[in-house]
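# A closer look at the structure
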Amino acid sequence: MIGLISATAAGAAARDRLAAAWPDRTRVYEGPAGEAVRAAFAECDRLVCFLATGATVRLLAPLLGDKAADPGVVCVDEGGRFAVSLVGGHGGGANELAREVGELLGAEPVVTTATDAVGLAGLDTLGLPVEGAVAAVSRALLDGEPVALEAESAWPLPPVPFAEQGAYTVRLTDRDVQPGPQEVLLRPPSLVVGVGASKGVPAEEVLGLIEEALREAGLSVRSVAELATVDAKSEEPGIVAAAESLGVPLVTYPADELAAVSVPNPSDAPLAAVGTPSVAEAAALVGGGELLVPKRKSAATPAMATCAVVRRPGRGRLAVVGLGPGARDLLTPRAAAELRRASVLVGLDQYVDQIRDLIRPGTRVLESGLGAEEERARTAVAEARAGHAVALIGSGDAGVYAMASPALAEASDDIDVVGVPGVTAALAAGAVLGAPLGHDHVSISLSDLHTPWEVIERRVRAAAEADIVVTFYNPRSRGRDWQLPKALAVLAEHREPGTPVGVVRNASRPDESVRLTTLAGLDPVTVDMMTVVTVGNTATRNIAGRMVTPRGYRWQHAPEGAR
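Residues numbered from 1 in each chain as written. Predicted model: local features only at pLDDT ≥ 70, side-chain atom pairs only at ≥ 80, totals over all residues. Heavy atoms only, no water.

A tally of helices and strands in the protein yields 18 helices and 28 strands. A principal-axis box enclosing the C-alpha atoms of the protein has dimensions of 90 × 65 × 65 Å. For the protein, the residues scored as buried account for 46% of the 563 residues in total. Nonlocal contacts in the protein, meaning residues at least 24 apart in sequence, comprise 64% of its contacts between residues at least 6 apart. Considering the protein, the positive charge centre built from 51 side chains and the negative charge centre built from 69 side chains are found 4 Å apart. (Helix = DSSP H or I, 4+ residues; strand = E, 2+ residues; numbered from the N terminus. Buried < 20%, exposed > 50% of the residue type's maximum accessible area, 1.4 Å probe, protein only. Contact = heavy atoms within 4.5 Å. Lys, Arg positive; Asp, Glu negative; His and termini not counted. Charge placed at Lys NZ, Arg CZ, Asp CG, Glu CD.)

With that out of the way, let us pick up unusual backbone geometry. With an omega of -5°, the peptide bond running from threonine 301 to proline 302 counts as cis. Mapped onto the secondary structure, proline 302 falls in the loop between β14 (290-297) and β15 (305-311). In this model, aspartate 467 sits at a positive phi of 60°, which is unusual for a non-glycine residue. Looking at the secondary structure, you find aspartate 467 in the loop between α17 (453-465) and β23 (469-473). Residue class for aspartate 467 comes out partly exposed when judged on its relative accessible area of 29%.

Among the residues of helix α12 (residues 333-341), Ala335, Ala336, Glu338 and Leu339 are the ones counted as buried. Along α12, the residues classed as buried sweep out an arc of 160° about the axis, all on the same side. Exposed residues on α12 whose side chains face more than 90 degrees from its buried face are Pro333 and Arg334. (Arc of directions from axis to C-beta.)

What follows is about the side chain of threonine 531. The topology assignment puts threonine 531 in strand β26 (residues 531-535). Side chain to side chain, threonine 531 and aspartate 528 meet in a polar contact 2.8 Å long. Non-local contacts of threonine 531, meaning those with residues more than four positions away in its chain, are made with Phe472, Pro475, Val503, Val504 and Arg505. (Polar contact = N/O pair within 3.5 Å; in protein donor to acceptor, adjacent residues only side chain to side chain.)

Now for the side chain of asparagine 506. Here asparagine 506 is to be found in the loop between β24 (500-505) and β25 (513-518). On the accessibility criterion, asparagine 506 (7% relative accessible area) is buried. Within the local environment of asparagine 506, its side chain forms a polar contact with the side chain of aspartate 511, the two groups lying 2.9 Å apart. If we ignore the near neighbours within four places in the chain, the residues touching asparagine 506 are Asp511, Glu512 and Met530.

Judged from the four bridges that link them, strand β12 (residues 224-230) and strand β13 (residues 250-253) form a sheet pairing that is parallel. Opposite threonine 229, over in β13, you have threonine 252 as the bridge partner. Note on the crossover from β12 through helix α8 (residues 237-246) to β13: the handedness is right-handed. (Pairing = 2+ DSSP bridges. Right-handed = clockwise from strand over helix to strand, strands pointing away.)

The next thing to look at is the nonpolar core. Core analysis: the largest hydrophobic core is formed by 22 residues, its most contacted members being Val193 and Leu227. Where this core is concerned, the elements lending two or more residues are β11 (191-197), α7 (203-217), β12, α8 and β15. No other element matches α7, which puts six residues into this core. Setting aside chain neighbours within four positions, we find leucine 227 in contact with Val193, Val195, Ile210, Ile239, Ala242, Ala243, Leu246, Val248, Pro249, Leu250 and Val251. Counting 21 residues, the second largest nonpolar core, distinct from the first, contains Ile444, Leu484, Leu491 and Val527. (Core = buried A, V, L, I, M, F, W, Y, C linked by side-chain atoms within 4.5 Å.)

Here we take up the sheet that holds strand β10 (residues 183-186). Strand order across the open sheet formed by four strands is β7-β10-β9-β8, with mixed pairing between neighbours. Sheet topology places β7 (130-132) and β8 (147-151) at the edges, where each strand pairs with a single neighbour. Shown here is a sheet whose adjacent strand axes are inclined to one another by a mean of 20°, direction ignored. Where β8 and strand β9 (residues 168-172) come together, five bridges link them in parallel fashion. When the bridges of β9 are listed, alanine 151 appears paired with leucine 172. (Axes fitted to C-alpha atoms, helices over the stretch in contact; angles between N-to-C directions.)

This part takes up the packing of aromatic side chains. Counted according to the given criterion, the structure contains two aromatic pairs. Plain terms: the ring middles of tyrosine 401 and tyrosine 473 are 4.8 Å apart, the flat faces sit at 50° to each other, and that makes the pair tilted. Pair noted here: tyrosine 401 is in the loop between β19 (389-394) and α15 (404-410) and tyrosine 473 is in strand β23, with a separation of 72 residues, a long-range link. Residues tryptophan 453 and tryptophan 482 carry aromatic rings whose centres are separated by 5.1 Å and whose planes lie at 70° to one another, so their mutual orientation is edge-to-face. Taken together, the residues span a long stretch of sequence, with tryptophan 453 in helix α17 and tryptophan 482 in the loop between β23 and α18 (483-492) at a distance of 29 residues. Under the relative-accessibility criterion, tryptophan 482 is labelled partly exposed at 42%. Arginine 25 extends its terminal NZ or CZ atom over the ring of tryptophan 22, reaching a point 4.4 Å from the ring centre. (Phe/Tyr/Trp six-rings, centres within 6.5 Å; stacked < 30°, edge-to-face > 60°. Lys NZ or Arg CZ within 6 Å of the ring centre and 35° of its normal.)

Across its 13 residues, helix α14 (residues 373-385) extends 19 Å between first and last C-alpha, which sits within 8% of the 18 Å expected from 1.5 Å per residue. When α14 is considered as a whole, its buried residues turn out to be Arg376, Ala377, Ala380, Val381, Glu383 and Ala384. The buried residues of α14 occupy an angular sector of 160° when projected down its axis, which confines them to one face. Downstream of α14 by a residue or two, glycine 387 has a phi angle that is positive, lying close to 100°. (Expected span 1.5 Å × (residues − 1).)

Okay, here's the thing in structure tokens:
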């Protein structure tokens, strides 16, 4: 929960804007500022104070304790010009909150954390529990000293400029080891603990068994990702409480699914009780992995709990990212976040140039030229399979005539895939033309490099006969100069010569050009590969210099009493 505190009318107005935008995330604290800050500090995980920074610092000073536990605090000035990450930038989430508040209120986020200032991913922002000499190793990274990564298993980490060797080390491990004086330990959530239990098992017995099993196997409790059991035990209080105590989710599976898992230690007892010969081992193994701790029983008499521990390998992550039509302000926040998260970036060289300033230090960039689309798709999937966090970029929306299709044709279920939508060229062109896509519309690529012309022409003819607005991608190049005239001729068989046609080149870019012409008046020679051509249907009109296709709502034409 985010606590909101203000002291003036102007601050209250900005506070209320946040409260209205985030009704489920915020709580307004009224009354004197000192009392409000103290109450919010005790009850919330983050605060936004609409107060002067000096006043906020004085109010916070006696409350601050441990930076790993204190809430993050953002301070917004009276004029709403700046959103300052004051304390808890990383651990408390204040840096990200400052950016969110700034975006919502139109304020400039002010983040002074050293790693953020130079674009480095902080070691405590990698999404994993962290132990050891975080400050010293972070300072080494900032100073350009070599910091080595020792990863005992592949994991999709955000970018950090690691070296092959160095006096400082970041070790990715789920083993129960202590960090050295110049070392940071990252704890991947790689361990799954399967749990079986009798009815009424005490939570202390479940927890004690799990902790003992991990300790004897030399494994860190901070790498436990989840507890797993059979559906019949989904509400067993002792198991539920154990998961809550460990701070991990409780995942359950149907008995027949667990019964199909091959385990080393099946038993007749759980088969009779819940319908599967194994609960602990099968629940831990159902998602695959290496069995590190076979089924063991608790020490109580009689034993009421069993557990088993499995290490699951890290799954690589492939984000297929649409960059939009070119303008930076049409790049979505989600796309920008994925670019910051990726340790490997794969893309067409000219698209990489477009966002090169957003690439974080430590990101490995794999770029290639036109014509290497399938190779880029294979490369991106291979990098994800190797355990990396990969961003495969494309213009517009990556799923529209771009990289998502070839990439997903290569990918299987051994990696995580995330699609990040982008503003398409058709939408960007439509916005500057007016409202040409106000009713049914279709996009058709006129490139016959991958699709036979006979198929393309059949699709154009179907759109013409169905009276659908058509946007042509890849309309004309030096080597393909006859396809656009042919497509226009097909449309002309079903539409009047005066049908509006919009021609937009480099939509949303600095050299954008826009022309509104007609089906008969369009000269294909003026069109190239950077152009999008939108041909209206029989209802499309040129209204005040804008291309408009009416939606055709029935109520617009219905009698007054029938509306």
